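Coordinate analysis (summary)
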Amino acid sequence: EEELEEELPKLEERIEPIKKQVEQVGKESEEIISEEEIKESEEKKGFFSRFISKIKSAKIQQEQIDEILEPLELILLENNVALEVVDKIKENLINTLLGKEVKRSEIEKTIINSLKNSIIGVLIEPPNLIKEIKENYEKTDKPYIIIFFGINGSGKTTSIAKLAYKLKKEGISCILAAADTFRAASIEQLEKHASNLQVPIIKHDYGSDPTAVAFDAVKYAEKHHIKAVLIDTAGRMYTKENLLKQMEKIIRVIKPDLKIFVAESIAGNDSIEQAKTFNETVGIDGIILSKADVDERGGTILSVSYVTNKPIYFLGTGQRMEDLVEFKKKDIIEKLRLK
Ligand code: GDP
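Residues numbered from 1 in each chain as written. Predicted model: local features only at pLDDT ≥ 70, side-chain atom pairs only at ≥ 80, totals over all residues. Heavy atoms only, no water.

Where side chains of opposite charge bring their charged atoms close, a pairing between them can arise. For the structure on display, the rule yields twelve salt bridges. A salt bridge links aspartate 209 to lysine 249, with the nearest nitrogen and oxygen atoms 2.7 Å apart. Residue aspartate 209 is found in the loop between strand E3 (201–202) and helix H8 (210–223), and its partner lysine 249 is found in helix H9 (residues 241–254); the two are separated by 40 residues along the sequence. Several salt bridges share partner residues, and in doing so they unite Glu84, Glu273 and Lys276 into one network. (Salt bridge = Lys/Arg side-chain N within 4 Å of Asp/Glu carboxyl O. Helix = DSSP H or I, 4+ residues; strand = E, 2+ residues; numbered from the N terminus.)

Next comes the structure, spelled out in structure tokens:
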């Protein structure tokens, strides 16, 4: 017993470094596992996860943020997000993440959540248009007037027809006004839609005053208790001054309830610049982004909304009449593969 008692402290002394070694190996393997986990989740999740693994410590430092900002900036730009929106998102990220204490396992979640919040903060949820039109008619007994702007080829005429289809399905009567009196085919194109949808249309000759067409459509709607008037306008180059003057005249005379700007989501910066110009000159209330079905990126949705500070009402998601969906903020999160 005596001998053993003498031996015991010596044994403990020898065990101590081994214990430490075991602890060290444990820690290292934990690190390896967490990095492997990140890699795995990286494959499962979208492209944003790619840079998350660069963050090694639990307290988020400026250099670590810098390290993720560079690839993030590239990813956002590649996805058609405008530079000023990228800057805004970066600023939000720095503000929410810097110095934040987070568990290693929560770092990825924290960054993704912060990105999501930042993006959600940039977007505006649109009002319920169907409800607004119905309420307007109940209160005023007058039609709800919507005027559409957008350059040729943006999907304006198709979007008007799709909205007419939606309204009809909701039991809301409407009339179309072919106030694009400039483009040769546009009146016929709208007429074709009107005939297919079996909704009335007001048209004048080519070259006539667009305000007169819109005015007649409103009068017709008032007389026949039609609840909504959808006015198509010319889509020549948005920088042309006389076109803008025409638009101003229609707005002054008709006093629309809603001015919708239609743009292609695939046109990226072009759409963003157009939205800015239209908003500064005629003042838009909301946006329809067409061709979202062929847009792999989703950044235009974010940028157009941010630069105009106006909500996106609908996304065009195909060529059929049914392909007009109400915009929801969470859609963009899915589109940017942040879910
Ligand atoms: P407008 O000149 O602005 O009136 O444009 P149009 O309405 O004539 O549309 C131009 C083209 O885009 C047409 O071939 C449409 O069928 C197509 N288009 C419009 N909206 C969508 C959409 O949401 N998705 C797809 N894939 N094509 C669309």
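Further notes follow.
Here the focus is the layout of surface pockets. Approximately 170 Å³ is the volume found for the second largest pocket. Lining of the second largest pocket is provided by Gly155, Thr158, Ser159, Lys162, Ser290, Lys291, Asp293, Val294, Gly316, Gly318 and Gln319. For the lining of the second largest pocket, the element with the highest residue contribution is helix H6 (residues 156–169), accounting for three residues. For the lining of the second largest pocket, the class distribution of residues is one nonpolar, seven polar and three charged. (1 Å grid on protein atoms, 1.4 Å probe; cavity = no way out; pocket = protein on both sides within 12 Å on 5 of 7 lines; lining within 4 Å. Points joined across faces, edges and corners; volume = space filled by probe spheres on them. Nonpolar A, V, L, I, M, F, W, Y, C, P; charged D, E, K, R; others polar.)

To continue, consider the packing of helix H2 (residues 62–78) against helix H3 (residues 83–97). Between H2 and H3, the shortest axis-to-axis distance is 10 Å and the interhelical angle comes to 155°. Classified by the angle between their axes, H2 and H3 sit roughly antiparallel to one another. In terms of crossing hand, the pair formed by H2 and H3 is right-handed. When H2 is examined against H3, the residues Gln62, Ile65, Leu69, Leu72, Glu73, Leu76 and Leu77 are found in contact with a partner set consisting of Leu83, Val86, Ile89, Lys90, Leu93, Ile94 and Leu97. Of the residues assigned to the contact of H2 with H3, the class counts are eleven nonpolar, one polar and two charged. (Axes fitted to C-alpha atoms, helices over the stretch in contact; angles between N-to-C directions. Parallel < 35°, antiparallel > 145°, perpendicular 65-115°, else oblique. Left-handed = near helix turned anticlockwise from the far one by under 90°. Contact = heavy atoms within 4.5 Å.)

Moving on, we get to the site of the ligand. The ligand sits among 18 residues. The nearest are Gly153, Thr157, Thr158, Gln189 and Gln319. At 3.5 Å from an oxygen atom of the ligand is found a main-chain nitrogen or oxygen belonging to threonine 317. Coverage of the ligand by the protein amounts to 82% of the 580 Å² it exposes when considered alone. When residues in the shell around the ligand are grouped by element, the largest group, four residues, is from H6. The residue makeup of the shell around the ligand, split by class, is one nonpolar, twelve polar and five charged. (Near = heavy atom within 4 Å. Polar contact = N/O pair within 3.5 Å; in protein donor to acceptor, adjacent residues only side chain to side chain. Areas by Shrake-Rupley, 256 points an atom, 1.4 Å probe, with all protein chains shown as cover.)

A word on the packing of helix H10 (residues 269–281) against helix H11 (residues 299–308). Two elements in contact, H10 and H11, have axes separated by 9 Å at closest approach and are oriented at 25°. When the axis of H10 is compared with that of H11, the two are roughly parallel. Crossing angle aside, the handedness with which H10 passes H11 is right-handed. Within the contact between the two elements, H10 uses Ser271, Ile272, Ala275, Lys276 and Asn279 and H11 uses Thr300, Ser303, Val304, Val307 and Thr308. For the contact of H10 with H11, a count of residues per class yields four nonpolar, five polar and one charged.

Its 16 residues give helix H4 (residues 107–122) an end-to-end C-alpha distance of 23 Å, which sits within 8% of 22 Å, the value for a rise of 1.5 Å per residue. Where H4 is concerned, the buried positions are Ile107, Glu108, Thr110, Ile111, Ile112, Ser114, Leu115, Ser118, Ile119 and Val122. (Expected span 1.5 Å × (residues − 1). Buried < 20%, exposed > 50% of the residue type's maximum accessible area, 1.4 Å probe, protein only.)

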